[in-house]
Amino acid sequence: MKVHVINGPNLNLLGTREPEIYGHDTLEDVANSCRQLGENNDLDVLFLQSNHEGQIVTWIQEAINKVDAIVLNAGAYTHTSIAIHDALRAYTGFVIELHISNPHLRESFRHLSYVSSAANAVIAGLGVQGYERSIEIIAQLRDQTTILESH
Ligand code: CA2
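The sections below set out a description of the structure shown in this document. Fair warning: this is a prediction, and the values are worked out from it, not measured in the lab.

**Structural notes on the overall build of the chain**
Here is step 1: The helix and strand tally for the chain stands at 5 helices and 5 strands.
Here is step 2: Tracing the chain from N to C terminus, the helices and strands come up as β-α-α-β-α-β-α-β-β-α.
Here is step 3: Counting every position in the chain, which comprises 151 residues, the buried fraction comes to 44%.
Here is step 4: Partitioning the contacts of the chain with sequence separation of at least 6, the portion at a separation of at least 24 is 76%.
Here is step 5: Distance from the positive charge centre (9 side chains) to the negative charge centre (18 side chains) of the chain: 3 Å.

**Observations concerning the side chain of histidine 99**
Here is step 1: Relative to the elements of secondary structure, histidine 99 occurs in strand E4 (residues 94–99).
Here is step 2: For histidine 99, the side chain forms a polar contact with the side chain of glutamate 97, separated by 2.7 Å.

**Considerations on the site of the ligand**
Here is step 1: Of all residues adjacent to the ligand, which total 16 residues, the nearest are Asn73, His79, His99, Ile100 and Ser101.
Here is step 2: A distance of 2.7 Å is found between an oxygen atom of the ligand and a side-chain nitrogen or oxygen belonging to histidine 79.
Here is step 3: Burial of the ligand by the protein amounts to 94% of the accessible area it has alone, namely 510 Å².
Here is step 4: Grouping the constituent residues of the shell around the ligand by class yields 7 nonpolar, 6 polar and 3 charged.

**Focus on the packing of aromatic side chains**
Here is step 1: The final tally for this structure, using the stated rule, is 1 aromatic pair.
Here is step 2: Taking the centre distance of 6.0 Å and the plane angle of 40° together, the rings of phenylalanine 47 and tyrosine 131 count as tilted. With phenylalanine 47 in strand E2 (residues 44–49) and tyrosine 131 in helix H5 (residues 129–144), the pair connects residues that are 84 residues apart, well separated along the chain.
Here is step 3: In this structure tyrosine 131 comes out as buried when scored by relative accessible area, which is 1%.

**Details of helix H3 (residues 53–63)**
Here is step 1: Within H3, burial applies to Ile56, Val57, Trp59, Ile60 and Ala63. Looking straight down H3, one finds its buried side chains confined to an arc of 160°; they lie on one side.
Here is step 2: Structurally, H3 contributes buried residues whose contacts are with strand E1 (2–7), E2, strand E3 (69–73) and helix H4 (82–90).
Here is step 3: Taken from the residues just after H3, asparagine 65 is the one with a positive phi, measuring 65°.

**Some words on the sheet that holds E1**
Here is step 1: Judged by pairing direction, the sheet is parallel, and its 5 strands sit side by side in the order E2-E1-E3-E4-E5 without closing on themselves. Edge positions in the sheet fall to E2 and strand E5 (121–124), since each of these pairs with one other strand and no more. For this sheet, the mean inter-axis angle between neighbouring strands, taken without regard to orientation, is 15°.
Here is step 2: Across 4 bridges, the pairing between E3 and E4 is parallel. Bridge pairing in E4 places isoleucine 70 opposite valine 95.
Here is step 3: Sheet contacts for helix H2 (residues 27–40): E1 and E2; angle to E2, the most-contacted strand, approximately 165°.

What counts, and at which threshold
Residues numbered from 1 in each chain as written. Predicted model: local features only at pLDDT ≥ 70, side-chain atom pairs only at ≥ 80, totals over all residues. Heavy atoms only, no water. Helix = DSSP H or I, 4+ residues; strand = E, 2+ residues; numbered from the N terminus. Buried < 20%, exposed > 50% of the residue type's maximum accessible area, 1.4 Å probe, protein only. Contact = heavy atoms within 4.5 Å. Lys, Arg positive; Asp, Glu negative; His and termini not counted. Charge placed at Lys NZ, Arg CZ, Asp CG, Glu CD. Polar contact = N/O pair within 3.5 Å; in protein donor to acceptor, adjacent residues only side chain to side chain. Near = heavy atom within 4 Å. Areas by Shrake-Rupley, 256 points an atom, 1.4 Å probe, with all protein chains shown as cover. Nonpolar A, V, L, I, M, F, W, Y, C, P; charged D, E, K, R; others polar. Phe/Tyr/Trp six-rings, centres within 6.5 Å; stacked < 30°, edge-to-face > 60°. Arc of directions from axis to C-beta. Pairing = 2+ DSSP bridges. Axes fitted to C-alpha atoms, helices over the stretch in contact; angles between N-to-C directions.

Here you go:
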């Protein structure tokens, strides 16, 4: 089973700035733990990051009928991108919207998400641990239910 973890703008800076919000781990640290958890749980995990909205749209389109689940931290595009929303609506697999922080505890412009209404589940406010939890949850859903069965 294939899982793509897609990260949006500025998440490449993880661990270098604003550690009080985003923690000290780098995106490479997070990618390594996700890949390791994938191996442990028999999931093929691909970890991606782009600062470009169109690249994220393309990755979502390319996942249609090929990738079983997407974990998406769209960064600030969460709050602006109808293009990412539309691509997710076209995507056939399971989608977890992920945020390191809890956007609802922050500025009001972060309270609207165009991703939520196209996602199966939302994880926010658990720090970078949310990425690892998402991988584990996808493995558990695969084992326990038929939610992920169609792929
Ligand atoms: O909490 C999250 O994961 C966010 O998706 C992060 C986005 C923010 O725009 C969303 O509202 C919530 C920002 C990602 C920027 O990441 C940085 C990490 C370290 C240093 C600077 C930026």
